[in-house]
Amino acid sequence: MHSHMRKAAFYISLLITGLFTASCNRTDSIEEQKAVAKVGDKKLYESELAALFASTPAPEDSASLAESYIDMWIKKQLKVREAENLFSGNTGEIDRMVEEYRNSLLTHRLEQYYVDTRLDSLYDASSIEQYYSDHRGEFLLDRPIVKGSVVRVPEGYRQKTELKKLMSGNAERYQDFLDTSLKNDFELHHFDSWTDLSHFVAMLPPLTEEEAHKLFSSRDVTQIEDGTDLWYVYITHRLEAGQPTPLERVTELISRVLFNQRKQEIIRNAEDSIYRSALRNGEIEITSHRDF
């Protein structure tokens, strides 16, 4: 068998490299073409195999791939034939399963067609804000979150007191703090978007639970020392667990919810339209009404 496959594979590699271009371009029906492999009444034709490897650049690669494919094709046909022999008494059940699978594929494809042609997946800010407002109770925090900054300053830095003052100042002074930290190449972590308190605290030397809670509650700049460096910590915004999640943290989630709602609405409307059309055309008939 392997000798026959090698010959067939070599022949296909010639087809792919153009030595038999005329043969490949002919318009013979598939039954008139040469079969490169056969199992019972099942045949694998040269055009089917050549099409699979038309983009393979090297002839030796084509031959190797073709041989491998022929081998897999033969084994598959043998398994199918064996299954048909073993389960010949269950053909009705298999046919029913195939029909159900076919129907499932077709209906899914139809639904996807309706969605692709009718769905606008872009939602403006007002739609997202309205959904958030209507379902605020569904978006509650399960952990504390914060905004703020952490900066690590050498103990000997002369302007540390001024830097600390800038850190808790107004917007202009706070920007001066950021610029000064960057200019001096201090280790700086600036969170202008909401982040978990646990992630924020991870930027610091290890803290006890009590120290972390005190830090979370402080409205001033907190100073932490380790004998070599200073950490200045300033939490500008804080929300506790149980409070509503900020809109900016759930915008993407709400967009997905609105997308799925619209998708289901399109499918339901399409189903209703098809059903009403079939009723008008007399294509639906219920022959009996039984209690189950």
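Scroll up to find the structure this text is about.
What you see is a predicted model, and the numbers here were worked out from it, not measured in a lab. (Residues numbered from 1 in each chain as written. Predicted model: local features only at pLDDT ≥ 70, side-chain atom pairs only at ≥ 80, totals over all residues. Heavy atoms only, no water.)

### Observations concerning a nonpolar patch on the surface
1) Next: A contiguous nonpolar surface patch, about 380 Å² in accessible area, is contributed by Leu86, Phe87, Ile94 and Val98.
2) Next: Relative to the helices and strands, Leu86 resides in helix H4 (residues 59–86). (Patch = residues over 30% accessible without salt bridge, like charges linked within 9 Å, V, L, I, M, F, W, Y side chains within 5 Å. Areas by Shrake-Rupley, 256 points an atom, 1.4 Å probe, with all protein chains shown as cover. Salt bridge = Lys/Arg side-chain N within 4 Å of Asp/Glu carboxyl O. Helix = DSSP H or I, 4+ residues; strand = E, 2+ residues; numbered from the N terminus.)

### What to know about the sheet that holds strand E4 (residues 187–196)
1) Next: Pairing is antiparallel across the open sheet formed by four strands, whose spatial order is E4-E3-E6-E5. The two strands at the open ends of the sheet, each matched to only one other strand, are E4 and strand E5 (222–225). Neighbouring strand axes in the sheet, compared pairwise and without regard to direction, differ in orientation by 20° on average.
2) Next: Examined bridge by bridge, strand E3 (residues 145–154) and strand E6 (residues 229–239) share ten bridges and lie antiparallel to one another. Residue pairing for E6: Val151 is matched across the bridge by Tyr232.
3) Next: With respect to the sheet, helix H7 (residues 160–167) is in contact with E3, E5 and E6, its orientation differing from that of E6 by roughly 5°. (Pairing = 2+ DSSP bridges. Axes fitted to C-alpha atoms, helices over the stretch in contact; angles between N-to-C directions. Contact = heavy atoms within 4.5 Å.)

### A closer look at unusual backbone geometry
1) Next: Of note, Asp185 is a non-glycine position whose phi angle comes to about 60°, a positive value.
2) Next: Residue placement: Asp185 occurs in the loop between helix H8 (171–183) and E4.
3) Next: For Asp185, a relative accessible area of 68% corresponds to the exposed category. (Buried < 20%, exposed > 50% of the residue type's maximum accessible area, 1.4 Å probe, protein only.)

### Comments concerning the nonpolar core
1) Next: One finds Val151, Val153, Leu163, Met167, Phe177, Phe186 and Tyr232 to be the most contacted residues of the largest nonpolar core, which totals 14 residues.
2) Next: Going through the elements one at a time, E3, H7, H8 and E6 are the ones with two or more residues in this core.
3) Next: Excluding residues within four positions of it along the chain, Tyr232 makes contact with Ser149, Val150, Val151, Val153, Lys160, Lys164, Met167, Val221, Thr222 and Gln223.
4) Next: Of all hydrophobic cores here, the second largest spans 13 residues; its members include Val150, Val201, Phe216 and Val233. (Core = buried A, V, L, I, M, F, W, Y, C linked by side-chain atoms within 4.5 Å.)

### Here's the deal with the packing of helix H5 (residues 91–118) against helix H11 (residues 247–280)
1) Next: Two elements in contact, H5 and H11, have axes separated by 9 Å at closest approach and are oriented at 115°. In the packing of H5 onto H11, the handedness of the crossing is right-handed. Residue-level inspection shows Leu110, Glu111, Tyr114, Val115 and Arg118 of H5 in contact with H11, the latter providing Arg262, Lys263, Ile266, Ile267, Ala270, Glu271 and Ile274.
2) Next: Grouping the constituent residues of the contact of H5 with H11 by class yields seven nonpolar, no polar and five charged. (Left-handed = near helix turned anticlockwise from the far one by under 90°. Nonpolar A, V, L, I, M, F, W, Y, C, P; charged D, E, K, R; others polar.)

### Structural notes on the pairing of E3
A regular strand places its side chains so that they alternate between the two faces of the sheet.
1) Next: By the criterion of burial, E3 is predominantly enclosed, with eight of the ten residues buried.
2) Next: Where E3 meets E4, seven bridges bridge the pair, whose relative direction is antiparallel. Counted as the bridge partner of Ile145 is Asp196 from E4.

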